[in-house]
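Coordinates in review
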Amino acid sequence: MEGTLIWLLLIPLAGAVVGACLQGERAPRWWALLVSLATAAVTVVAACEFDFSASGQVQLLVSPEAFRLPEAGISFTLGIDSISFWLIALTVFLMPLAIAASWESIASRRKEYYAWMLLLEFAMLGVFAARDLLLFYVFFELTLVPMFFIIGIWGGAERQYAALKFFLFTFAASVFTLAGVIYIGTTAGQGAVPSFRIEDIINSAQSGMSTQARYWVFLAMLAGFAVKVPLFPVHTWLPLAHTEAPTAGSVILAGVLLKLGTYGLLRFAIPVGAGPEVLGALTPLLGVLCLIGIIYGALVAWVQQDIKKLVAYSSVSHLGFCVLGMLALNQTGIQGSIMYMINHGLSTGAMFLVIGMIYDRYHTRDINQLSGLAKQMPRLAFFFILFTFSSIGLPGLNGFVSEFLTILGAFTSPHLGIGYGVVAALGIILGAVYMLHMAARVIFGPLKVPQGHHGHDDGHSLPGDIGAREIAVLTPLAAAVVILGVVPNVILKTLEEPVAALIPSESQIVMVEGPAVVSGVGLGE
Amino acid sequence: MNFLIALAPEVVLTGVACLLFVMAALPGAGIRRAAPWVTLLALLAAGLMVGCRMTGWAEPEGVRETVLLSGFAGYIKVISLVVGVLLLLVNWPTNRDGSGNPTLSLSSEGPEYFGLMLLSITGLLLVASANDMILLFLAIELASIPTYVMVSISRPISVAQEAAVKYFFLGAFSAALTLFGLSFLFGTTGSVTLTGVANVIGGWESMPGWLILGGMMLLAGLAFKLAAFPLHFYAPDVYTGAATPLTAFLSYVPKAAGMVALIRVLYALAGGMPGELPQVFVTTLWLVAVLTMTVGNVLGLMQQNVKRLMACSSIAHSGYMLTGVVVLFGAASIVDRAGGLAGVLFYLTAYGLTNVGIFAVLMMLPAKPDPFVYDGKVPPATTAETFSDLAGTGRTHVGLGLVMAACCFSLIGIPLTVGFLGKFYLLRPALAGEFYWLALITVVNAAISAGYYLRILATMFLKEPRAAAGGVEAAAEPVTANLRTRPLLISAIIAAGLGVLLGTYLDAASALRTLTLNSLDVAPRAVDSSSEGELVASLSE
């Protein structure tokens, strides 16, 4: 197909516009589902066209004329390597599920809701497909707008505050990224014309720029991406936004939007900062922040009363692993980190879906009011436990592979070392503690009727188990969780090449083994 | 004769303004209803003339001493006329007797109001090309003095009169400062034209102290027009007091006049070579830019009244534009300097377009008068001003909500709007020219401004509509009518449409950018065509 990636972006965008004009109550959701499935179909076409034997190459390049600004160096260039491809696949996989999960729970202003969802899909796909740093930034910022409205209109009780906090936090941080992006684009260009092409940017960073400039650009990028991820001290927007967002919003937020941050770090910040002077100097500090995020997120999750908030805090903890693996700067760690992005998207997205289904029935997420759901809803309980195990990282399910690889990466990395690995492993244990703690209380034990939910007026019993639609939503996720747990190589193999291209050359690593490591916590290899 | 040809657009506008004053003396609603059409025709005719001029009329001989017909002036004239048409549409009198519209209460002074509007726009056009310093001063005042009168006749209530008086006295004060500054320029250089001043200063090794003093006075006087720190404090009061359509006018025409005059005067002070402006001016401009945007945005966060908020936003946007001026005069490389100027020119257009949209939306929404401003009475010519007026209106008026969203996102600088490109073009030369702190403070300010623009959007889209929230009681309170007039709708659609089109269809943005790059010849020195000219050629290849 000519310009597959253009279609990939065009379909959700056109779908959003058309969907906003549809009449009727039912039409918008069917339309949205159709559009999201069509987008998924285009991704399948892209997968067929993509040559996985050369997965490190940027493929399917397109660059339409009308959307370039040559004088400003802005080129509308799309292209994917396998890292981009798998994240796009994650997006188009989760989107129809999120839309199907909103089927009944979004009852008001459906037309707008589905239009925003499709626009969000457009922006997220754009982020992963962009081969131009400024274009990436454009899409990166654009995701804020639909999410602002999705949280603010269809969210929980504190939705307005949550939406504003989400937007302002991430926007305030990413303006620094914008400054960094424009600066590096200017240095990468020739003469008066800047260039934002990823290749030029990375070339310029690794050959032309002074250490000091790279240091600042790295920090500028880190500012925007770290808030998006979120790393430890700047994570405070996340629990609120996740808790207040509607179910589908939380799924997309946790499943894909957080990955924009890790993707940005991996694609831009790390290549720009590669080398002993910048990343070498900052890795110990960043690694410690990741570790604090892992442990702190886990401990805070443990004491949550609201199960959705618990999962939200677990994201803080999980994303700590993800970034830690990336900072290891070795093949294992980065591959694990990318796997982590995908797996976290699947299992946390799934957790939010299940919790949304519980909430639809009981109108509470209070851990003290829910108990013994296994008796009432065995099918839901099955999925709940499955996704809990996946989230914990039980061997045989997807979470295990990525957790194992990131920690292995941290252990063997010359930048991090055993100390980091040990603390991170402690985080896994804590993860099991809080997740099982929650699962045990909510799913098992005596059946409890939530307060204020004394049946309906006719006194008939509690709400029933999940129905066919909900099973249809959860089954693909369950399948993905198991498949990626059993044969992770489907993805891992294709990641080898692009990751190898990302890792800084041998000489730089050797130099780091000097004083930079001694000052860190790790003991080196 | 040559003089008249050179200033043909201004002559037409002034002539029509006089015609409108005569019309005002005649009785009859028909005359009053014809006034805006006459105004529109005058603006279009002037636009046509400027357009012809830009596509290559030869410059008449012998007028260079008084007026300069540079590409820079042409650009300013074009965008002034385009935005002028939008502003006219916003001010369009739709009452049957031509006495204004529900948001603008002109009684029988309609034709005069539009005559004054034309005069003010003429002033802006003249500022762009006046070379004689006396003409420049008169042009600046021509852009301002009509606005004082317009504020007082726009609404028959004491708030507007108070605003007019405040505006007038402070304006007179700033005019005195400007004039005093210009007299120093004349006194030290002995020349009365900007080119003459530039030539004299260009021949000097260093600048005498008197000239620096004069330059500082000029800066202060023009800062008032720009609503720049420290002469920004009148803006919220005046903007709130004036009728809303006039507020839209105030936040553009005098500001643009001030910005253009500032750039041209500084060029003269730099001896025609922007890189040679004394450091003390660059430092001052830097401080003014940073303080203007920061003060504007921080004040914006605290406002409860949207018109006051937009006044603060207008202050902040002056600050953003001043960063371009700093780069123009402070950067080491000629490319970055040109980039700074081009950035200012682009931003003037971006701001002018999207700013109108917000006021148009405010005018179209139903409103309950702000008790703090109007003592609980329902005065004529009131529009939506408070946040409670806006509550839920994004749901009840979807189209208006979308226009507001597009304009607010553009003013924040979110991608896919022209505002993002505007910020981009300002930041790029700033970063390339090593003004790192300036760029950093600018982006931080963009983040701060998101706080209050988003509050507008959050109120419109996320809050319950007032009638629904307050029940019967709230619905029974006095509310102004929901104003849907064709001119207003057209202006809102143009504003938001162009704002989004320029941000997405980059070919269009590229055309505008090329236009700005072709308009960098602020003050061609009489002596040589110099490197600045070559630069223009190199950038716009």
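What follows deals with the overall build of chain A. Counting its secondary structure elements, chain A contains 22 helices and two strands. In terms of principal-axis extent, the alpha carbons of chain A reach across some 75 × 55 × 40 Å. When the 525 residues of chain A are sorted by exposure, 65% land in the buried category. Of the contacts formed within chain A by residues at least 6 apart in sequence, a portion of 81% connects residues at least 24 apart. Total accessible area on chain A stands at roughly 17200 Å², and carbon and sulfur atoms take up 67% of it. A distance of 9 Å separates the average location of the 24 positive side-chain charges in chain A from that of its 30 negative side-chain charges.

Bringing the overall build of chain B into the picture now. The secondary structure content of chain B amounts to 25 helices and two strands. Sequence-distant contacts, at least 24 apart, represent 81% of the contacts inside chain B between residues at least 6 apart. For chain B, the accessible area works out to roughly 17500 Å², and carbon and sulfur atoms hold 68% of it.

Facing the 37 residues of chain B at the interface are 36 residues of chain A. Here chain B packs against chain A, burying approximately 3400 Å² in sum over the two surfaces, 80% of which is carbon and sulfur. When the buried area of chain B at its contact with chain A is split by residue, F424, R428 and L462 of chain B rank highest and sum to 19% of it. Here chain B is connected to chain A by zero salt bridges. Our count for the contact surface shared by chain B and chain A stands at two residue pairs in polar contact (both at pLDDT 80 or more).

Residues and elements named next belong to chain A. With an omega of -10°, the peptide bond running from V229 to P230 counts as cis. Mapped onto the fold, P230 is located in the loop between α9 (211-228) and α10 (237-244). With phi around 55°, L60 is a residue other than glycine that occupies positive phi space. Counting through the fold element by element, L60 comes out in strand β1 (residues 59-62).

Take the nonpolar core next. Within the largest apolar cluster, 395 residues are counted, with the highest numbers of intra-cluster contacts made by F387 and M438 of chain A together with I263, L269, L322, V325 and F409 of chain B. The element contributing the most residues to this core is helix α15 (residues 334-364) of chain B, with 19 residues. Not counting residues up to four positions away in its chain, the partners in contact with I263 of chain B are F72, V325, L328, F329, L341, V344 and V522 of chain B.

Residue and element names in this part refer to chain A. Tallied over the full model, the rule gives 16 salt bridges over all chains. Between R109 and E112 there is a salt bridge whose closest N-O contact spans 3.2 Å. Linking E277 and R214 is a salt bridge whose minimum nitrogen-to-oxygen distance equals 3.4 Å. Placement of E277 in the loop between α11 (247-273) and α12 (279-302) and of R214 in helix α9 is noted, with a sequence separation of 63 residues between them. Overlapping salt bridges, with partners in common, bring together R131, R197, E199 and D200 in one network.

All names here are of chain B. A rise of 1.5 Å per residue sets the reference length of α15, with its 31 residues, at 45 Å; its end C-alpha atoms lie 46 Å apart and thus fit the reference within 8%. By the criterion of burial, α15 is predominantly enclosed, with 29 of the 31 residues buried. The backbone nitrogen of V335 lies 3.1 Å from a side-chain oxygen of the residue at the head of α15, namely S333.

Moving on, we get to a nonpolar patch on the surface. Residues and elements named next belong to chain A. Together, V482, I483, V486, V487 and V490 make up an exposed nonpolar region whose accessible area comes to about 400 Å². Here the nonpolar patch gets three residues from one element, more than from any other, and that element is helix α19 (residues 468-486). Its location among the elements puts V486 in helix α19.

With that settled, the discussion passes to the packing of aromatic side chains. Under the defined criterion, the tally for this structure stands at 46 aromatic pairs over all chains. Seen in terms of ring centroids, F85 of chain A and W86 of chain A are 5.2 Å apart; in terms of plane orientation they differ by 75°. Their pairing is edge-to-face. The same class applies to F85 of chain A as to W86 of chain A, namely buried. Each member of the aromatic cluster is reached from another via a ring pair, and the members are W116, F148, F149, F167 and F171 of chain A together with F409 and F461 of chain B. The ring of F387 of chain B carries R455 of chain B above its face, with NZ or CZ at 3.8 Å from the centroid. Over the aromatic face of Y425 of chain B sits the side chain of R513 of chain B, whose NZ or CZ is 3.8 Å from the ring centroid.

Let us look at helix α5 (residues 133-142) of chain A. Residues and elements named next belong to chain A. Burial of α5 is extensive: ten of the ten residues sit out of reach of the surface. Looking at α5, one finds that the buried residues are L133, L134, L135, F136, Y137, V138, F139, F140, E141 and L142. The N-capping residue of α5, defined by a side-chain oxygen 3.1 Å from the backbone nitrogen of L134, is D132.

A few words on the packing of α12 of chain A against helix α18 (residues 418-443) of chain A. All names here are of chain A. Interaxial distance between α12 and α18 falls to 8 Å at its minimum, and their mutual angle equals 20°. As judged from the angle between their axes, α12 and α18 are roughly parallel. Judged by the twist between their axes, the crossing of α12 over α18 is left-handed. Between α12, through P284, G287, V288, L291, I294, I295, A298, L299, A301 and W302, and α18, the contact on the second element is made entirely by Y420, V423, A424, L426, G427, L430, V433, Y434 and H437. When the residues that make up the contact of α12 with α18 are grouped by side-chain class, the tally is 16 nonpolar, three polar and no charged.

All names here are of chain A. Averaged over every residue, the pLDDT of chain A is 86; residues scoring 70 or more account for 93%. For chain A, per-element mean pLDDT is lowest for helix α22 (residues 515-518), which scores 37, and highest for helix α3 (residues 82-101), which scores 93. Under a pLDDT of 50 for its full length, residues 455-460 has, in the predicted model, one contact with residues more than four places off or in other chains. Here residues 506-525 scores under 50 on pLDDT; set against residues more than four positions off or in separate chains, the count is 25 contacts.

This part takes up the side chain of T4 of chain A. All names here are of chain A. With respect to the helices, strands and loops of the structure, T4 is situated in helix α1 (residues 4-21). Of the residues examined, T4 reaches a relative accessible area of 4% and is grouped as buried. A distance of 2.5 Å separates a polar atom in the side chain of T4 from a polar atom in the side chain of E49. In this view, T4 contacts V42, V45, A46 and E49; residues no more than four positions away in its chain are not counted.

Within the secondary structure, A439 of chain B sits in helix α21 (residues 436-462). Through-space distance from the C-alpha of A439 of chain B to that of L426 of chain B is 8.5 Å; in sequence the pair is 13 residues apart.

Moving on: the side chain of T349 of chain B. All names here are of chain B. As for its position among the elements, T349 is in helix α15. Within polar-contact distance, the side chain of T349 engages the backbone oxygen of L345 at 3.3 Å. In contact with T349, other than residues within four places in its own chain, are Y75, I79, Y252 and L512.

A separate point is the packing of α15 of chain B against helix α20 (residues 418-432) of chain B. All names here are of chain B. Between α15 and α20, whose axes approach to 8 Å, the crossing angle comes to 160°. Classed by the angle they form, the pair α15 and α20 counts as roughly antiparallel. Between α15 and α20 lies a crossing of left-handed hand. Residue-level contacts link D336, G339, G340, G343, V344, F346, Y347, A350 and T354 of α15 to V418, L421, G422, K423, Y425, L426, P429 and A432 of α20. Its residues assigned to classes, the contact of α15 with α20 shows ten nonpolar, five polar and two charged.

Attention shifts here to the environment of M217 of chain B. Note on placement: M217 of chain B falls in helix α9 (residues 209-226). If near-sequence neighbours (up to four positions away) are discounted, M217 of chain B is found in contact with L177, T178, F180, G181 and F184 of chain B.

As a further point, take the environment of T388 of chain A. Residue and element names in this part refer to chain A. Turning to its location among the elements, T388 is positioned in helix α16 (residues 378-392). T388 sits in the buried class, given a relative accessible area of 1%. Put simply, T388 and T348 are 40 residues apart on the chain and 8.8 Å apart in space, counted from C-alpha to C-alpha.

All names here are of chain B. All told, the structure shown has zero disulfides over all chains when counted by the stated rule. Not part of a disulfide, C312 finds its nearest cysteine sulfur in C408, a span of 14 Å. With relative accessibility at 0%, the residue C312 sits in the buried group.

This brings us to the confidence of the model for chain B. Residues and elements named next belong to chain B. The predicted model of chain B has a mean per-residue pLDDT of 85, with 89% of residues at 70 or higher. With pLDDT under 50 throughout, residues 525-531 is counted as low confidence; its partners more than four residues away or in other chains account for eleven contacts. Confidence over residues 537-541 falls short of pLDDT 50; this stretch has seven contacts with residues more than four positions distant or in other chains.

Reading the values: the criteria
Residues numbered from 1 in each chain as written. Chains lettered and ligands numbered in written order. Predicted model: local features only at pLDDT ≥ 70, side-chain atom pairs only at ≥ 80, totals over all residues. Heavy atoms only, no water. Helix = DSSP H or I, 4+ residues; strand = E, 2+ residues; numbered from the N terminus. Buried < 20%, exposed > 50% of the residue type's maximum accessible area, 1.4 Å probe, protein only. Contact = heavy atoms within 4.5 Å. Areas by Shrake-Rupley, 256 points an atom, 1.4 Å probe, with all protein chains shown as cover. Lys, Arg positive; Asp, Glu negative; His and termini not counted. Charge placed at Lys NZ, Arg CZ, Asp CG, Glu CD. Buried area = accessible area lost by both parts, 1.4 Å probe. Salt bridge = Lys/Arg side-chain N within 4 Å of Asp/Glu carboxyl O. Polar contact = N/O pair within 3.5 Å; in protein donor to acceptor, adjacent residues only side chain to side chain. Core = buried A, V, L, I, M, F, W, Y, C linked by side-chain atoms within 4.5 Å. Expected span 1.5 Å × (residues − 1). Patch = residues over 30% accessible without salt bridge, like charges linked within 9 Å, V, L, I, M, F, W, Y side chains within 5 Å. Phe/Tyr/Trp six-rings, centres within 6.5 Å; stacked < 30°, edge-to-face > 60°. Lys NZ or Arg CZ within 6 Å of the ring centre and 35° of its normal. Axes fitted to C-alpha atoms, helices over the stretch in contact; angles between N-to-C directions. Parallel < 35°, antiparallel > 145°, perpendicular 65-115°, else oblique. Left-handed = near helix turned anticlockwise from the far one by under 90°. Nonpolar A, V, L, I, M, F, W, Y, C, P; charged D, E, K, R; others polar. pLDDT = per-residue confidence, 0-100. Disulfide = S-S within 2.5 Å.

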